[in-house]
Amino acid sequence: KMAGSSTPWIGSAYLFLQSTCKTIVLPSLYESSQKKPSVFKALKLALADSTGSVNGVDMLKVHCSHPHLIVQLKFCKQENCRRFLQSYREGALQESLQNHLQLSLAMTTVPLEMELKAGNEHLDNMLKDEDRCLECIYREKPDRLRDEEISELEECLKSLIVHQSINNNTAVKGCASLNAPSLPCPSQGSSLSPQVTFIFQGQHFANRTLTPDDHQKFAKLVSKKWKQVGRSLQKNCRALRDPVIDNLALEYDREGLYEQAYQLLLRFIQSEGKKATIARLIAALEENGLISLAEELLGLHSNEDCS
């Protein structure tokens, strides 16, 4: 049986990752001294997204076992593990990691396959039975301390985050859009300027602050998906945390979709200031399949409808 409230809840699992694109070999990228920090940063941010906390799950070691990258995970709280399993089951972790890798490695797309194991148990076969998954993870105690290499990568990432708002994970993602091959450390903190570029459809775009024109185009074209975009933005924006989005829907129900979307982005801009960048909005649009709206905001003027 799982531990009671008096005993710390600690469990372990292995996350197997493989790219379905033949030209992207994750173990090779991680073995590269230039690419390793970018891959680690993507893993760290995606796991933080899945648990809602930077410390929700600990990476003990990353194993390179071609074609898989295998991440040994340690959970110290049952509720964090439960949130992780929910994110994994719903595909949110996979989507988040794909997005973070895409940004970190400056690639157009990084399609992934995932598998989760605890001991000899393949948890993918029992995801609907969350309690059983939790028991399997709880039974597997971590067999090692955190690898020294992981600690070094953690320190470098922490020193970067210190220079930013803790809730602004997307600003950390913004570093990935730099052409610099490795993770910037504190001395390079100034590189997080508005002149940073990001990749969209293989092209570089300046990561500028959102303009009134962007604001109006978004409100006009996003239609019913404004709430979905809001939920993507809320991961890194405290001002949009629940129940703000639902309250906006009720408050501006009579005014219609344009006003609801306008007010959503207004909250984002007012809260984030200079950090309310086009890259963050484009990432949220991509996450929700609103590619033609993203193209419109970037001046690509696609004639396709938003999917």
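Residues numbered from 1 in each chain as written. Predicted model: local features only at pLDDT ≥ 70, side-chain atom pairs only at ≥ 80, totals over all residues. Heavy atoms only, no water.

Per an unreviewed UniProt entry, the protein chain goes by the name Tumor necrosis factor receptor type 1-associated DEATH domain protein and belongs to Chroicocephalus maculipennis.

Remarks on the packing of helix 9 (residues 226–233) against helix 10 (residues 244–251)
Angle between the axes and distance between the axes are the two parameters that describe a pair of packed helices. Packing of helix 9 against helix 10 leaves a shortest axis separation of 10 Å and a crossing angle of 155°. Relative to helix 10, helix 9 is oriented roughly antiparallel. Pair helix 9 / helix 10 crosses with right-handed handedness. Across from W226, K227, G230 and R231 in helix 9, the residues of helix 10 making contact are I245, D246, L248 and A249. Grouping the amino acids of the contact of helix 9 with helix 10 by side-chain chemistry returns four nonpolar, one polar and three charged. (Axes fitted to C-alpha atoms, helices over the stretch in contact; angles between N-to-C directions. Helix = DSSP H or I, 4+ residues; strand = E, 2+ residues; numbered from the N terminus. Parallel < 35°, antiparallel > 145°, perpendicular 65-115°, else oblique. Left-handed = near helix turned anticlockwise from the far one by under 90°. Contact = heavy atoms within 4.5 Å. Nonpolar A, V, L, I, M, F, W, Y, C, P; charged D, E, K, R; others polar.)

Some remarks on the sheet that holds strand 5 (residues 121–122)
Read across the sheet, five strands follow the order 2-3-1-4-5 without closing on themselves; strand pairing throughout is antiparallel. Each edge of the sheet is formed by a strand with only one pairing partner; in this case those strands are strand 2 (58–65) and strand 5. Here helix 3 (residues 78–89) sits on the sheet and contacts strand 1 (11–19), strand 3 (68–75) and strand 4 (112–118); the angle it forms with strand 4, its principal contact strand, is near 145°. In this fold helix 4 (residues 92–104) packs onto strand 1 and strand 4, with an angle of close to 125° to the strand it touches most, strand 4. (Pairing = 2+ DSSP bridges.)

What to know about unusual backbone geometry
Residue P67 follows H66 across a cis peptide bond; omega there is 5°. Topologically, P67 is positioned in the loop between strand 2 and strand 3. The peptide bond linking D242 to P243 adopts the cis configuration, its omega dihedral lying at 5°. Tracing the sequence through the fold places P243 in the loop between helix 9 and helix 10. You will see that A106, though not glycine, has its phi angle at about 55°, which is positive.

Describing the packing of helix 9 against helix 11 (residues 257–272)
Where helix 9 contacts helix 11, the axes come no closer than 10 Å and their chain directions differ by 10°. Between helix 9 and helix 11, the interaxial angle falls into the category roughly parallel. For the pair formed by helix 9 and helix 11, the contact residues are W226, G230 and L233 on the first element and L257, Q260, A261, L264, L265 and F268 on the second. Looking at the contact of helix 9 with helix 11, its residues break down into seven nonpolar, two polar and no charged.

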